[in-house]
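Chain by chain, the residues:
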Amino acid sequence: MRIGKQFNIGGWLVLSSFLLWAASQAQVGRTLVLDDFESPDSAKKWEGSVQIAQEQPSHGAHSALVRLESGHSQISATKLPQDWRNYDRLLFDIYCDRESMSMAALRIYDSIDANSGGPNGDDYYEARGKILVQKGWNHVEVKLQPLRAASDERDLSLEHIRRLVISADRARLPWTFYLDNVRLVAGQEGSETASRAQAQDPVTVIENGRFTMRQGVRAEDVPESAAVSALRKEAQKQSDLLRETIRAAQLQGLETIYQERHLVTADIGLQIRPRLAWYNNDDKKREMFSYVAESCRRGRRELEDTMQSIVRLVEADDTQVSEPLIRPLPRLKGRPIRGSYFLDEHNEPMMVVSLHSPSQMLQRFFATPYQHIESYTVGGGSRWSIYDSPVYGAFQKWPDTRRVGWDGWCGHLIRDVNSMAGKKRENIVICLESPHIKEAVKEYIQTNIPKFHANPELLYDIEAYELMYICYCERSQRMFHDWLGKKYGGVERANDKWSTTYKSFGEVVPPPVKDSRPLPDTNRAIWYDWARFNQDRFTDYLLWVRGLIREIDPQTPLTAGGSSSMLAGRTGTTGIDEERIVNELDDVILHEGGESTLGLDLQLALSEKKKPLADPEMYLDSVEHLLPHFLHGKSVVQLFHWPAQPSSELHGLTASSLAHSWKYPLADVNELLRTALDVRRLNNEIAAFSEVPAEVAILYSQTATLQLPPEMLTWLTTPYLAELEKTYTASQYLDAKVTFVTERQISKGWLNRYKLLLVPGARNIPSEVFEKISEYAARGGRVLIVPESFLGDEYNRPADYLARLGITVRETQRPKPGGLGAMVQGYDQSFSQAATFADDAPQQLVAAGAEGFGPIGELKTGGVRQSFEAKSNAKVLSRYSHGEPAIVQMPAGKGIIYYSGSLLEERSYARLLDAVFRQAGVTRPVRMRRVGGGGAHNIEARFAPLGSRKLLYVVNYNPAPARLGVDAAPGRISHLLDLRDGIEIRGAEVTIPPQQTAIYELF
Ligand SMILES: [Zn+2]
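Residues numbered from 1 in each chain as written. Predicted model: local features only at pLDDT ≥ 70, side-chain atom pairs only at ≥ 80, totals over all residues. Heavy atoms only, no water.

Draft legend 1. View of the overall build of the chain. Regarding its fold elements, the chain presents 22 helices and 46 strands. For 1003 residues, the compact-globule estimate of 2.2 N^0.38 gives 30 Å, and the chain sits close to it at 31 Å. Oriented by its inertia axes, the alpha-carbon framework of the chain measures out at about 90 × 80 × 70 Å. The proportion of buried residues among the 1003 residues of the chain is 57%. Put simply, 74% of the contacts in the chain that link residues at least 6 apart link residues at least 24 apart. Taken as a whole, the chain presents about 40600 Å² of accessible surface, with 51% of it coming from carbon and sulfur. (Helix = DSSP H or I, 4+ residues; strand = E, 2+ residues; numbered from the N terminus. Rg over C-alpha atoms; globule rule 2.2 N^0.38 Å. Buried < 20%, exposed > 50% of the residue type's maximum accessible area, 1.4 Å probe, protein only. Contact = heavy atoms within 4.5 Å. Areas by Shrake-Rupley, 256 points an atom, 1.4 Å probe, with all protein chains shown as cover.)

Here it is, written out as structure tokens:
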């Protein structure tokens, strides 16, 4: 299918035009071969896995077989010739067999200590994100004059090149490739040292921070087989015919917008991609041209059928001109908000999808990219604009403007030496307590907000996002002391919680950090208060910024936050209290992310009032995720991205370019355009799904995200968050909406809204929250608890919560360190409970035959296991193989507590949840069933009423089509109408293609 299969590797052809292109001068220049891997001793010059091989030489008879693997992901040479002064470029070739794209990186050192990279660790030349390796040969050329160090402080000394390193950049490991003909060249290279190459081989030329990647000849001169040329002609013909048919249909007043999308993919497939090195080969072109011909033909025939009234238009009053199928969006500024949506001029929920793109033509399908702005009002400038901001002047003038005590990332406030953008490498990391900074921020706002908000398409303004802030300056410390005074009244009460003996709050020193986390012996109770304080003061600061903007513009919806940090270990050092931001600051809720819907469901759940949810920079790992995000309640999206040209800085940016990336086949681009139209056409139907209330809630314990062992603050996730995610996924395919409930909401009595509360290993919670959960159960609620929930309070003091529920844990077995990776060491062992490490092989739990729990069958454990005793009136639902209870159900007042002593593997957990949902009477008007048996795993279905209409959406997240039975109460479904393609389905069975979402109306 892909690049290179048709290569005849033995029959090399040296193309003179390629050499001409590569040459910069007419006369033959000089070449110094660094290593051609022809001698058996060559391999000894390299560290890492390098073997001399007879396969795939680009020059001579041998090459180097390189194997990179985890922990050994580079090779390096220190014994090569060191004087590179008389050459203007370094060349080498990589041959790779792998079908998928990989990236390699290159480093060159000239320092004596060629391992450390100098005092700052970046005193070397580096090409990262610039060497794309596709299947077949890849030729790389690095311009040497000059070689700028990564520190940007000097050029490398070409007289003494000490070390050359080639490593895996973005590549799946282990990775094996062939390397050959590493050489230096001045002027035009002679044919005796030049590598064998074919015209279509990609050649990457790197010139310090920039590169070009193209083929050895111009795109049109790359040989093309007769069959592919014929396909190209056919595709061009079909595209032309469609264009003409669209024009004629428009003459008749017929709707053509859906068919027009095929012309977009035709232009990409015929004009844009065949000019790119990773697409311009027979295999890729065969795929693209076939797709273009087929999709254009299909689109044309749809229009022809309508022109002939084989497909009839919906009957309508023909004295009235009806509205277009996709109504143009109104000017976005000032659109009113009702509930979860901005409203259009018909007072209907508005679905806005725009592209991060300069293209005007694409706005036929997408909303304007001017829909939002990030005003950078939090820091008074961005890493790009700071030099024009009064904040920069203040920062240079006043010493109190500098952040104190934090050694991590600047959190976009405002830039550190590692920030991308601009030539200057400078630390501008600000303190927000400084009155000079605040004065400058105010001035920035007063100058810029009127300009920014004059934009007639501005739907909302982001104060700033992906933020984090922590500062230890004297003002911060005084504010902390005041905050403690307010919280505790007297210091004795705090001493009691912290186990300390302070005489006054003035003595309390905020726990310091090193390497972005608290020190190992930090007092975790004080740290908890410090983390909470830091969240409060940063939220208050964000509100202060909001107030300043409001003085100038009382209307434009504002937002901030939207950080993913609440789902990562680092949340305690970020100062981000997403729940306060959502409720106190946001007019619009922010969420950034294009994969799982967990993050957006959580953001929505934090909000006590319904508000629209927007994604200003949605990166679609795959196109299939766009529609589910809308069905979960996202309604304003800007997709990242559709740039005018591929990046010449980082291939990673091209990888996400919808037009250019090797990741998105034309069918995906086409599906994206279709989805963008569908969400606008089906706006009311889509909005109906977000109106359905959830009856099941997962506990989002902010305390459990903040009260952590110090080392976990730099982890991507924590045991609690991993269990939270598993709980979400396990409940996702059970045909019912599941939401989150926060500790603040529980304190306000919100549990009454739910039939079931799921507690995902929330280790620490405040006692008042536990009391509310306990009361909820007593009044008839159901609570499902898994280990290691409810062990301590927010100060990390042991709590008797479990005992009060009737559970006594005798022993906790954790998987052996190393068994489940880093997570295992992460179990918080700060309480002296009996704990052992056990084999992490999953155990089978045997169903105990309790009524209503028959279908759960055998369940597989995965992770922590406890042996425990339960109250005498507990009913056993599952047992360990040795007979002890593993999952029990206990009456608690009018309600029920379910306790599982084991974490369960996801699909087992889903089966348990399915039974518990049934017991709890969770409303599920429609159930999905796989025709021919087997669970409907990875099938997400939700039902929603819309007036008297009955709607159902089904997402098939599987890589294969799914044939599904739609089960409802007898007599409820006679047929379905697929609202996306207009096709009626008799009976109640549907087939959903892989990775597709269908929206049905049920009759
Ligand atoms: Zn400060």
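Draft legend 2. Focus on the coordination of the zinc ion. Coordination sphere of the zinc ion, protein contribution only: C431 (SG), E433 (OE), C471 (SG) and C473 (SG), at 2.3 to 2.4 Å. Its four donor atoms give the zinc ion angles of 92 to 125° at the centre, a pattern that matches the tetrahedral case. In terms of primary sequence, the donors binding the zinc ion are separated according to C-x1-E-x37-C-x1-C. You can see E433 sitting in the loop between β19 (428–429) and α6 (435–452) and its partner C471 sitting in the loop between β20 (460–465) and α7 (474–488), a full 38 residues away along the chain. For the pair E433 and C471, one class covers both residues: buried. (Donors = N, O, S within 2.8 Å, 3.2 Å for Na, K, Ca; no water. Tetrahedral: all angles 85-135°; square planar, octahedral: opposite > 155°, others 65-115°.)

Draft legend 3. Quick look at the sheet that holds strand β10 (residues 163–168). With respect to topology, five strands assemble into an open sheet ordered β2-β5-β10-β7-β8, the strand pairing being antiparallel. The open sheet has two free edges, formed respectively by β2 (46–47) and β8 (125–133), since each of these has just one partner strand. Where strand β7 (residues 102–109) lies against β8, six bridges are found, and the strand directions are antiparallel. Across the sheet, S102 pairs through a bridge with V133, a residue of β8. (Pairing = 2+ DSSP bridges.)

Draft legend 4. Geometry of α6. Across its 18 residues, α6 extends 25 Å between first and last C-alpha, which sits within 8% of the 26 Å expected from 1.5 Å per residue. Roughly 25° is the biggest bend found in α6, and it falls at Q446, with proline P450 one to four residues downstream. Among the residues of α6, I437, A440, V441, Y444, I445, N448 and I449 are the ones counted as buried. Of the surrounding elements, those touching the buried residues of α6 are α5 (390–397), β20 and α9 (524–552). (Expected span 1.5 Å × (residues − 1). Bend = angle between axes of the 7 residues up to and from the residue.)

Draft legend 5. Representation of the packing of aromatic side chains within the structure. Summed over all chains, the structure comprises 28 aromatic pairs. Aromatic side chains W498 and Y502 sit 5.9 Å apart centroid to centroid with 85° between the ring planes, which places their arrangement in the edge-to-face category. Look at Y502 and you get partly exposed, because its relative accessible area is 22%. Taken together, the ring pairs in this structure connect Y472, F480, W483, W530 and F533 into an aromatic cluster. (Phe/Tyr/Trp six-rings, centres within 6.5 Å; stacked < 30°, edge-to-face > 60°.)

Draft legend 6. The side chain of R680, seen in detail. On the secondary structure map, R680 appears in helix α14 (residues 666–681). Buried charge R680 goes without a salt bridge, the closest partner of opposite sign being D344 at 8.5 Å. Those residues in contact with R680 that lie beyond four places of it in its chain are I326, R327, P328, L329, M351, F365 and F366. (Lys, Arg positive; Asp, Glu negative; His and termini not counted. Salt bridge = Lys/Arg side-chain N within 4 Å of Asp/Glu carboxyl O.)

Draft legend 7. Up close: the side chain of D914. In this structure, D914 sits in helix α22 (residues 906–920). Accessibility expressed as a relative area gives 18% for D914, which makes it buried. Within the structure, the side chain of D914 is placed 2.8 Å from the side chain of R924, a separation counted as a polar contact. Ignoring anything within four residues of it in the chain, the contact list for D914 reads L734, R924 and R927. (Polar contact = N/O pair within 3.5 Å; in protein donor to acceptor, adjacent residues only side chain to side chain.)

Draft legend 8. Focus on the confidence of the model for the chain. Of all residues in the chain, 94% attain a pLDDT of 70 or more, and the chain-wide mean is 92. Segment residues 1–21: pLDDT under 50, and 52 contacts once partners within four positions in sequence are set aside and those in other chains are kept. (pLDDT = per-residue confidence, 0-100.)

Draft legend 9. Molecular detail of the pattern of salt bridges. Inspection of every chain in the model, using the stated rule, returns 69 salt bridges. Between R128 and D169 there is a salt bridge, with the nearest N and O atoms lying 3.2 Å from each other. Note that R128 is positioned in strand β8 and D169 in the loop between β10 and β11 (175–186), a separation of 41 residues in sequence. The shortest N-O distance in the salt bridge between E685 and R949 comes to 3.0 Å. Taken together, the residues span a long stretch of sequence, with E685 in helix α15 (residues 683–691) and R949 in strand β41 (residues 949–956) at a distance of 264 residues. What makes E685 buried here is its relative accessible area of 10%. Each of E671, R674, D678, R681 and R980 takes part in one network of salt bridges that share partners.

Draft legend 10. Expanded view of the sheet that holds strand β42 (residues 962–967). Pairing is antiparallel in the open sheet, where three strands are placed in the order β39-β42-β45. Edge strands, defined here as strands with exactly one partner in the open sheet, are β39 (927–930) and β45 (989–992). Taking each pair of neighbouring strands and ignoring which way they run, the sheet shows an average axis angle of 35°. In the sheet, β39 pairs with β42 via four bridges, with the strands oriented antiparallel. Bridging across to β42, R927 finds its partner in D967. (Axes fitted to C-alpha atoms, helices over the stretch in contact; angles between N-to-C directions.)

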